[in-house]
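Read off the chains here:
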Amino acid sequence: MPFAAGKAALDVALRPDPRFLGPREPGVTEALAAAAGAP
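Rules behind the numbers
- Residues numbered from 1 in each chain as written.
- Predicted model: local features only at pLDDT ≥ 70, side-chain atom pairs only at ≥ 80, totals over all residues.
- Heavy atoms only, no water.
- Helix = DSSP H or I, 4+ residues; strand = E, 2+ residues; numbered from the N terminus.
- Buried < 20%, exposed > 50% of the residue type's maximum accessible area, 1.4 Å probe, protein only.
- Areas by Shrake-Rupley, 256 points an atom, 1.4 Å probe, with all protein chains shown as cover.
- Salt bridge = Lys/Arg side-chain N within 4 Å of Asp/Glu carboxyl O.
- Polar contact = N/O pair within 3.5 Å; in protein donor to acceptor, adjacent residues only side chain to side chain.
- Expected span 1.5 Å × (residues − 1).

1. Brief notes about the overall build of the protein
A tally of helices and strands in the protein yields 2 helices and 0 strands. Projecting the C-alpha coordinates of the protein onto the three principal axes gives extents of approximately 50 × 20 × 15 Å. Counting every position in the protein, which comprises 39 residues, the buried fraction comes to 0%. Of the roughly 4100 Å² that the protein leaves accessible, carbon and sulfur atoms contribute 67%.

Written out as structure tokens, the structure is:
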């Protein structure tokens, strides 16, 4: 448990860049757009 707390403190202090493994998938955006357009 102390290791996790220390790592969390370092993550907050250093703010590492996010890692993206591939292109963004538009599925959620498309679903929200379709739901907003539905009667």
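There's more to say after this.
2. So, the pattern of salt bridges
Here the structure, examined in full by the defined rule, presents 1 salt bridge. With a closest N to O distance of 2.8 Å, Lys7 and Asp11 form a salt bridge. Taken together, the residues span about one helical turn, with Lys7 and Asp11 both in helix 1 (residues 2-14) at a distance of 4 residues. A relative accessible area of 44% means that Lys7 is categorised as partly exposed.

3. Some points on the environment of Asp11
Here Asp11 falls in the partly exposed class, since its relative accessible area comes to 33%. At a separation of 2.8 Å, a polar atom in the side chain of Asp11 contacts the side chain of Lys7.

4. Some words on helix 1
The periodicity of an α-helix, 3.6 residues per turn, causes residues three or four positions apart to be oriented the same way. Taking 1.5 Å of rise per residue, 13 residues should cover 18 Å, and helix 1 covers 18 Å from first to last C-alpha, within 8% of that figure. Looking one or two places after helix 1, you find Arg15, whose phi comes out positive at around 45 degrees.

Without other data, these values stay purely geometric and don't point to any function.
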